[in-house]
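Each chain is listed here by its residues.
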Amino acid sequence: MKKIGYVVLAYGAIVFFGGLMGCFIAHSIPSLIAGVVFGGLISLNAYKILKGNVKGLTLALIQSIILGSFFLYRLKMTGKMFPAAVMITISFLVAIVLLMAHPKEVPSKEKSTKE
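Quick look at the structure, then. As the structure is a prediction and not an experimental result, all values here were calculated from the model.

What follows is about a nonpolar patch on the surface. Where nonpolar side chains cluster on the molecular surface, the patch consists of Ile29, Ile33, Val37, Leu41, Leu44 and Tyr47 and spans about 570 Å² of accessible area. Looking at where Leu44 falls in the secondary structure, it is placed in helix 2 (residues 29–50).

The next thing to look at is the packing of aromatic side chains. Going through the model one piece at a time under the given rule, you end up with two aromatic pairs. Here the aromatic rings of Phe16 and Phe17 are separated by 5.3 Å at their centres, their planes lie at 85°, and the arrangement is edge-to-face. Measuring from centroid to centroid gives 5.3 Å for Phe70 and Phe71, while their planes differ by 75°, and the two rings are edge-to-face. Accessibility expressed as a relative area gives 39% for Phe70, which makes it partly exposed. Under the relative-accessibility criterion, Phe71 is labelled buried at 16%.

Along its 25 residues, helix 1 (residues 2–26) runs 35 Å from first to last C-alpha, staying within 8% of the 36 Å computed at 1.5 Å per residue. Within helix 1, the full set of buried residues consists of Ile4, Gly5, Val8, Tyr11, Gly12, Val15, Gly19, Gly22 and Cys23. Considering only its buried residues, helix 1 is in contact with helix 2, helix 3 (54–78) and helix 4 (84–101). His27, located one to two residues past helix 1, shows a positive phi value of around 55°.

With an omega of 5°, the peptide bond between Phe82 and Pro83 qualifies as cis. Locating Pro83 in the fold gives a position in the loop between helix 3 and helix 4. The backbone phi angle of His27 is positive, close to 55°, even though this residue is not glycine. By the element assignment, His27 lies in the loop between helix 1 and helix 2.

Rules used throughout
- Residues numbered from 1 in each chain as written.
- Predicted model: local features only at pLDDT ≥ 70, side-chain atom pairs only at ≥ 80, totals over all residues.
- Heavy atoms only, no water.
- Patch = residues over 30% accessible without salt bridge, like charges linked within 9 Å, V, L, I, M, F, W, Y side chains within 5 Å.
- Areas by Shrake-Rupley, 256 points an atom, 1.4 Å probe, with all protein chains shown as cover.
- Salt bridge = Lys/Arg side-chain N within 4 Å of Asp/Glu carboxyl O.
- Helix = DSSP H or I, 4+ residues; strand = E, 2+ residues; numbered from the N terminus.
- Phe/Tyr/Trp six-rings, centres within 6.5 Å; stacked < 30°, edge-to-face > 60°.
- Buried < 20%, exposed > 50% of the residue type's maximum accessible area, 1.4 Å probe, protein only.
- Expected span 1.5 Å × (residues − 1).
- Contact = heavy atoms within 4.5 Å.

Listed below in structure tokens is the structure:
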């Protein structure tokens with residue numbers, strides 16, 4: 001689970017610094033806000049994953065699908081390959097990794113009783 005946590009942490013850093021680059025290169029304040037918010041949330045979920053929390057996996061999966069879908073929409077609307085194609089690829093690769101790492105059943109908090 002630690003390897004997955006580090007993958008998600010790297011993804012969060014890419015999103016965060018991508019937002020900063022969007023602000024400095026394109027002078028886009030929405031890019032800065034989205035990069036900082038999503039990068040921060042993804043990094044927070046990476047911390048949860050490193051602590052063994054399954055909810056962090058689920059939330060990071062949802063966020064990577066949302067970001068990948070958003071950039072797919074942006075690619076369709078603008079036709080610009082950068083940064084959309086890069087973020088689509090990274091987001092959906094992270095989503096695949098998270099799907100493969102996600103447990104089939106979430107362990108319940110109740111202890112099973114043996115008779």
